[in-house]
Amino acid sequence: MSITMTTWSLEQTSPAEQRPSATVGEVRIVRAEVPSPEFSRFLYTAVGGDIHWTDRLPLTHEEWDEMLARPGTETWVAYEKGTPAGYAEIEAQSDGAVEIVYFGLIPAFRGRRIGGHLLSYAVARAWDLAERWPDREPTKRVWLHTCSKDGPHAMDNYLRRGFTVFDTKVTEEEETVTPGPWPGARP
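Attention here is on the structure that accompanies the text. (Residues numbered from 1 in each chain as written. Predicted model: local features only at pLDDT ≥ 70, side-chain atom pairs only at ≥ 80, totals over all residues. Heavy atoms only, no water.)

### Quick word on unusual backbone geometry
Working note: non-glycine residues mostly have negative phi, and peptide bonds are mostly trans. For clarity, the cut-off: A run of DSSP states H or I qualifies as a helix once it reaches four residues; a run of E qualifies as a strand once it reaches two. Both are numbered from the N-terminal end. A 1.4 Å probe rolled over the protein chains alone gives each residue an accessible area, and that area as a share of the maximum for its type sets the label: buried under 20%, exposed over 50%, partly exposed in between.
Phi at His52 takes a positive value of approximately 70 degrees, unusual for a residue other than glycine. The backbone phi angle of Lys81 is positive, close to 50 degrees, even though this residue is not glycine. Inspection of the secondary structure assignment puts Lys81 in the loop between strand E3 (73-80) and strand E4 (83-92). Exposure remark for Lys81: the relative accessible area of 62% places this residue in the exposed category.

Take a look at the structure:
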């Protein structure tokens, strides 16, 4: 069966465009400094399993490792009372662009204002990425994309954090069944 999907690309072109949310109680955000394909795959499937993230599922351990080890790629994880609640993966690109490649919360942690806090933190880390990666040029643009399959509050969160839409695409794609956080799991 075919479904219609809308994809929006959003950006900030100056750190002055950031509009941080309030911090959230007992939530800590920590960078996973050691690239770990196992941990990153866990985050990817736990966050995206119910919203049809499937593009990385066929990747090998070596492909995950290569992706995560690229200079300027960082994974930032939100923890609530020691439990992973969600993550943001950012990646330096050419011409001073930094993409928020993946961002989201594990379903049990959605709707509790953690997403705004995590996104605010990830955007700030995208803007100051060159401070941690001296071989990278300073960030001139932070961008991301979201689609109609993402959670109902995703777009609002991006807009509230100061992003603006710069492109919209509508496509038809085959509906897929995702395995959830592990094959056979259902939220």
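Having put the structure on the table, let's press on.
### A word on the nonpolar core
Keep this limit in mind: To form a nonpolar core, buried Ala, Val, Leu, Ile, Met, Phe, Trp, Tyr and Cys residues must be joined to one another through side-chain atoms within 4.5 Å. Contacts were defined at the residue level, with two residues in contact if any of their heavy atoms lie within 4.5 Å.
Formed by 44 residues in total, the largest nonpolar core has its most connected members in Tyr87, Ile100, Tyr158 and Phe163. Broken down by element, this core gets its largest block of residues, seven residues, from helix H3 (residues 114-127). Excluding anything up to four places from it in sequence, Tyr87 contacts Leu43, Tyr44, Val47, Trp53, Thr75, Trp76, Val77, Tyr102, Phe103, Gly104 and Leu118.

### Side note on the sheet that holds strand E2 (residues 27-31)
Rule in force here: Should DSSP find at least two bridges between two strands, the strands are taken to pair. The axes are straight lines fitted to the C-alpha atoms, using for helices just the contacting stretch, and the angles between their N-to-C directions are given from 0 to 180°.
Taken together, seven strands build an open sheet; the order of strands is E2-E3-E4-E5-E6-E1-E7 and the sheet is mixed. Looking at strand neighbours, the two that pair on one side only are E2 and strand E7 (164-174), the edges of this open sheet. Neighbour-to-neighbour, the strand axes of this sheet turn through a mean angle of 20 degrees, independent of strand direction. Bridging between E3 and E4 involves eight bridges; their strand directions are antiparallel.

### Thoughts on the packing of aromatic side chains
Test applied: Classification of ring pairs rests on two measures: the distance between centres of Phe, Tyr or Trp rings, Trp counted by its six-membered ring, which must be within 6.5 Å, and the angle between planes, read as stacked under 30 degrees, edge-to-face over 60 and tilted in between. Charge over a ring is defined by NZ of Lys or CZ of Arg lying within 6 Å of the ring centre and within 35 degrees of the ring normal.
In total, this model carries nine aromatic pairs according to the counting rule given. An aromatic cluster of at least three residues, connected via ring pairs, comprises Tyr44, Trp53, Trp64 and Tyr102. The lysine or arginine in question, Arg56, covers the ring of Trp64, its NZ or CZ lying 5.3 Å from the ring centre. In this structure, Arg141 packs its charged tip against the face of Phe166, placed 4.8 Å from the ring centre.

### Focus: the pairing of E3
Burial of E3 is extensive: eight of the eight residues sit out of reach of the surface. With burial as the criterion, each face of E3 is covered, one bearing Thr73, Thr75, Val77 and Tyr79 and the other bearing Glu74, Trp76, Ala78 and Glu80. As paired elements, E2 and E3 share five bridges and run antiparallel to each other. Bridge pairing in E3 places Val27 opposite Glu80. Between the antiparallel neighbours E3 and E4 lie two residues, among them Lys81 with a positive phi of about 50 degrees.

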